[in-house]
Amino acid sequence: MTLAQHLSDYSRWRHDCAEAVTRLRAWLNQNELGDAQVDLRLQYALDRLRDDKLVVAFVAEFSRGKSELINAIFFSDFGDRILPSSTGRTTMCPTELQWSAGAQQEIRLLPIETRATHATVSELKNQAEAWFTAPLSTASATTLQEALARVGETKRVNEGEAAGLGFAIDPEGERGLRPGADGLVEIPCWRHAIIQFPHPLLEQGLVVLDTPGLNAIGAEPELTLSLLPSAHAVLFILGIDTGVTQSDLTIWRDYVRAGRGRQKGRLVVLNKIDSLWDGLRDNDRIDAEIAAQVSSAAETLGTTAEHVFPVSAQKGLVARITSDDALLARSRLPALELALSEDLLPAKREIIGDSVVGETADVVAQARSLVHARLAGLREQLGELTDLRGKNQSVIEYMMRKIRSEKDEFDQGLQKYYAVRSVFSTLTNNLLHHLGLDTLRLETRRTREMMMEAAFSRGLRDAMEGFFVRLRANLRNSSEEVAEIMRMLDAMHKRFTVEHGLTLTPPPGFSTIRYEQDIDHLEQAFNRQINTALILATTEKHTLTQKFFDTVAAQARRTFEGANRDAEQWIRAVMSPLETQVREYQLHLKRRLESVKRIHQATDTLEDRVGELRESEHTMERQLAELASLESTLQSTLGSPGLDSVAVSSLAA
Ligand SMILES: Nc1nc2c(ncn2[C@@H]2O[C@H](COP(=O)(O)OP(=O)(O)OP(=O)(O)O)[C@@H](O)[C@H]2O)c(=O)[nH]1
Ligand SMILES: [Mg+2]
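A quick note: this is a predicted structure, and the numbers were derived from the prediction, not measured.

### Observations regarding the overall build of the protein
- Each helix and strand counted, the protein has 20 helices and 11 strands in total.
- Each principal axis of the C-alpha atoms in the protein carries an extent, and together these give about 110 × 65 × 45 Å.
- Relative to its full complement of 653 residues, the protein shows a buried share of 36%.
- Expressed as a percentage of contacts within the protein between residues at least 6 apart in sequence, the contacts between residues at least 24 apart total 79%.

Structure below.
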């Protein structure tokens, strides 16, 4: 199977899961077993399934064949190369190829001048007017190529202007851009490109990120602090003709290999193996040569040979376009694609699957315990009524008194519950405040001011360190609130279980560790990058660290937004079953009382009432069976192992 087929499978799986969740939602509504909270939870799961993106980034020094490899892996069905690939620097700005449902088919280019502002690319993504937009015609490969060639546009500006936009200048051309004889330096016209076009793979949620070489990567902190670390796969490309050069090594160390050892989703590609096919050496010699180059590259990079994939992107592309299977095998592209799919899809599937399983299993358990509670209540009522057969008025009166006193007792319990619930909402407000965006905004502003005032590297560094320390403290305070909320919930649960015999599933926990880890990673990535910035001259240092900080702040905001969303979701998840059960029990007591009252007033005959209750009993039994069948469909769809597509078993009506 090609990567493309694996991807379609994955997206079919997501589609099937979404269908199963939608069916559960409809069924709950039909049977009046859901409520607004449950609906929101299922919507959240559906959103996750629908918006799921899979980002694959290509990183390397210029001319290693990134664009060619993208063409070969993803876009060979256009019958030509669509991303420009040629000698010299071709891709001048990070380029995202994607498709979002309902989007315009277009190329969006962000002018390089926007670097002078504090806004990060992700912030600017929401400001349409900041971008230059042109419609994209995919009618032919040629028109597509012409439009995509724009990612390579450059212009010449003077040194001051280039430095102001955050480009490092170096007369040697090693640590920055080299000024030409006219004193001007060549810079990209664009800071970022987004290409929206409805290619089948992109429609399925694939986002391909093509990047320019080292000088350009380093100048755009967002790429290194946010886009690359969050990519689901990063392919690092070397050329077999150039081996591992010093700048290849820098990119590898600083931008790709974030931690020690081999990481999932980080692959090394040794491209251009066709340059060894000189027609003189025989295949064994060539293979031996490739193997030697692979192990030497692995050694230099500090990884093992099985993680280095020798390929020929160019021959792979030609082979696909001309349907030449022998050439495709020789290009060794399929082996790379297989490793990429195996790294990428099962892990991704597990993460998404787990989160959806978590949500739906909870909702199903809640619905089930609701039906069980109703059923138990109903059977109790049935028992009471059958016992009344042949009894006189005074027994019926006694019965009524008994139920009434039970109801009063429960109502008193409710008063306590409401009191506790208001404490609960204070606690959750505190929690959301600590995870709040206002607090974050304040911290960000404060740090930015401290950085402006800082005259030396030390001051800049202190300001930043303080920022991370305070963010972590906020998260840690939230975990104390979470513990408090858990204690309270526990007490409430105990009271209702012991005093009123309600059956409640214990509430799930909530942890902020994940967000603390995000902040840790962010700090680590920042520290790796900032050391380079701090050795620069004072003015450049300030602009560059500010720029870094803007990205850090934007990334931290995303973490906090995520924490907020998850906390709200959690609060809904813990409160909703309790509220439902309490409401339900209250209703049940009322129904019992009504029932006996009506018999007492002889408006209903006992047998009619018993008959009615028996019918409801059957309905509920049927509901339990249907719920079980929905649950098993969900489980088999969500939890299906391997990469094969899953047939959705239809629901037994
Ligand atoms: N022989 C050979 N040449 C290749 C192969 N892949 C790419 N090339 C050539 O290498 C040159 C650079 O390829 P690109 O795809 O533009 O490389 P890139 O990494 O995207 O380069 P930039 O966009 O400039 O950073 C082009 O001339 C390609 O034709 C390959 O597998 N074999
Ligand atoms: Mg390129």
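### What about the domain arrangement of the protein?
- By the assigned domains, the protein splits into domain 1 (54-153 + 189-331) and domain 2 (414-582).
- The straight-line distance from the C-alpha centre of domain 1 to that of domain 2 is 35 Å.
- On the domain 2 side, the residues contacting the 12 residues of domain 1 number 13 residues.
- For the side of domain 1 that touches domain 2, the secondary structure elements donating two or more residues are helix H4 (121-124) and helix H9 (221-230).
- Take the side of domain 1 that touches domain 2: its biggest share by element is six residues, from H9.
- Its residues assigned to classes, the side of domain 1 that touches domain 2 shows four nonpolar, five polar and three charged.

### Structural notes on the nonpolar core
- The biggest cluster of nonpolar side chains holds 102 residues, and the ones touching the most others in it are Ala57, Phe58, Val59, Phe236, Val268, Val269 and Leu270.
- Counting residues per element, this core draws most heavily on helix H14 (residues 333-388), which supplies 10 residues.
- Not counting residues up to four positions away in its chain, the partners in contact with valine 59 are Thr211, Leu228, Val234, Phe236, Ile251, Tyr255 and Val256.
- Counting 33 residues, the second-largest nonpolar core is a separate cluster that includes Phe468, Ala525, Phe549 and Ala563.

### What about the site of ligand 1?
- Neighbouring ligand 1 are 23 residues, the closest being Gly65, Ser67, Ser85, Thr91 and Gln314.
- Broken down by secondary-structure element, the contributors of at least two residues to the shell around ligand 1 are helix H3 (66-74) and helix H12 (313-321).
- Top element by residues in the shell around ligand 1 is H3. It accounts for three residues.
- Class assignment of the residues belonging to the shell around ligand 1 gives a composition of four nonpolar, 13 polar and six charged.

### Thoughts on the packing of helix H2 (residues 36-51) against H14
- Two elements in contact, H2 and H14, have axes whose closest approach is 10 Å; the angle formed by their N-to-C orientations is 165 degrees. In this view, H2 runs roughly antiparallel relative to H14, as classed from their interaxial angle. Crossing of H2 against H14: the hand is left-handed. Residue-level inspection shows Val38, Arg41, Leu42, Tyr44, Ala45, Arg48 and Leu49 of H2 in contact with H14, the latter providing Ile352, Ser355, Val356, Glu359, Thr360 and Val363.
- For the contact of H2 with H14, the residue count by class is eight nonpolar, two polar and three charged.

### Points about the environment of arginine 528
- Locating arginine 528 in the fold gives a position in helix H18 (residues 513-534).
- For the pair arginine 528 and aspartate 254, spaced 274 residues apart in sequence, the C-alpha to C-alpha distance is 7.1 Å.

### Considering the sheet that holds strand S8 (residues 206-210)
- The strand order across the open sheet built from nine strands is S4-S3-S7-S2-S8-S1-S9-S10-S11, with neighbouring strands paired in mixed fashion. Each end of this open sheet is capped by a strand with a single partner; those strands are strand S4 (132-135) and strand S11 (308-310). Put simply, the sheet's adjacent strands are angled 20 degrees from each other on average, direction ignored.
- Bridge count for strand S1 (residues 54-59) against strand S9 (residues 233-239) is four bridges, and the pairing is parallel. In the sheet register, valine 56 faces S9, and the bridge partner there is alanine 233.
- Here helix H10 (residues 246-256) sits on the sheet in contact with S1, S9 and strand S10 (266-271), set at roughly 170 degrees to S9.

### So, the packing of H3 against H12
- The interhelical angle for the contact between H3 and H12, taken along N-to-C directions, is 30 degrees, at an axis separation of 8 Å. Relative to H12, the element H3 is oriented roughly parallel. In terms of crossing hand, the pair formed by H3 and H12 is left-handed. Residues Glu68, Leu69, Asn71 and Ala72 of H3 touch H12, and the partners they reach there are Ala313, Gln314, Gly316, Leu317 and Arg320.

### Observations regarding the pairing of strand S7 (residues 190-196)
- Counting buried residues along S7, six of its seven residues qualify, which places the element largely inside the surrounding structure.
- Examined bridge by bridge, strand S2 (residues 95-98) and S7 share four bridges and lie parallel to one another. Bridging across to S7, glutamine 98 finds its partner in glutamine 196.
- In this sheet, S7 lies alongside strand S3 (residues 106-111) in antiparallel orientation, the contact comprising six bridges. The residue of S7 that forms the bridge with isoleucine 107 is isoleucine 195.

### Notes on the environment of isoleucine 237
- Take isoleucine 237: it is sitting in strand S9.
- Judged by local crowding, isoleucine 237 falls into the buried class, with 25 C-beta atoms found within 10 Å.
- In the structure, isoleucine 237 is positioned 10 residues away from leucine 227 in sequence and 17 Å away in space, judged by C-alpha atoms.
- With near-sequence residues (within four places) excluded, isoleucine 237 lies in contact with Phe58, Ala60, Arg64, Gly65, Lys66, Leu69, Val269 and Asn271.

### Thoughts on the environment of proline 212
- Locating proline 212 in the fold gives a position in the loop between S8 and helix H8 (214-219).
- Among the residues examined, proline 212 registers 25 C-beta atoms within 10 Å and is labelled buried.
- A C-alpha to C-alpha distance of 7.9 Å links proline 212 and threonine 90, two positions 122 residues apart in sequence.

Thresholds, definitions, all that
Note that residues are indexed from 1 along each chain, following the sequence as it is written. Labels follow written order: the first chain is A, the first ligand is 1, and so on. Thresholds applied to this predicted model are a pLDDT of at least 70 for local features of residues and 80 or more for the giving and counting of side-chain atom pairs; totals over whole chains, interfaces and linings are not thresholded and use all residues. By the criteria applied, helices consist of DSSP H or I runs no shorter than four residues and strands consist of E runs no shorter than two, each listed in order from the N terminus. Exposure in this text rests on C-beta crowding, where 20 or more other C-beta atoms within 10 Å of a residue's own make it buried, 12 or fewer make it exposed, and counts in between make it partly exposed. The C-beta atoms are placed from the backbone. Contact between two residues is assigned when their C-beta atoms, built from the backbone, lie within 7 Å. Residue ranges assigned to the domains are those given by an automatic or database domain assignment. All amino acids are sorted into three groups, where Ala, Val, Leu, Ile, Met, Phe, Trp, Tyr, Cys and Pro are nonpolar, Asp, Glu, Lys and Arg are charged, and the leftover types, Gly among them, are polar. Put simply, a nonpolar core is a cluster of buried Ala, Val, Leu, Ile, Met, Phe, Trp, Tyr and Cys residues tied together by C-beta atoms within 7 Å. Defining nearness, a residue is near a molecule or strand when the C-beta atom obtained from its backbone falls within 6 Å of it. Note on definitions: angles span 0 to 180 degrees between N-to-C directions of axes, and those axes are lines fitted to C-alpha atoms, for helices only across the stretch in contact. Working definition: roughly parallel below 35 degrees, roughly antiparallel above 145 degrees, roughly perpendicular at 65 to 115 degrees, and oblique for all remaining angles. Crossing handedness: left-handed means the near helix sits turned counterclockwise from the far one by under a right angle, and right-handed means the same turn made clockwise. Only strands that DSSP links by at least two bridges are regarded as paired with each other.

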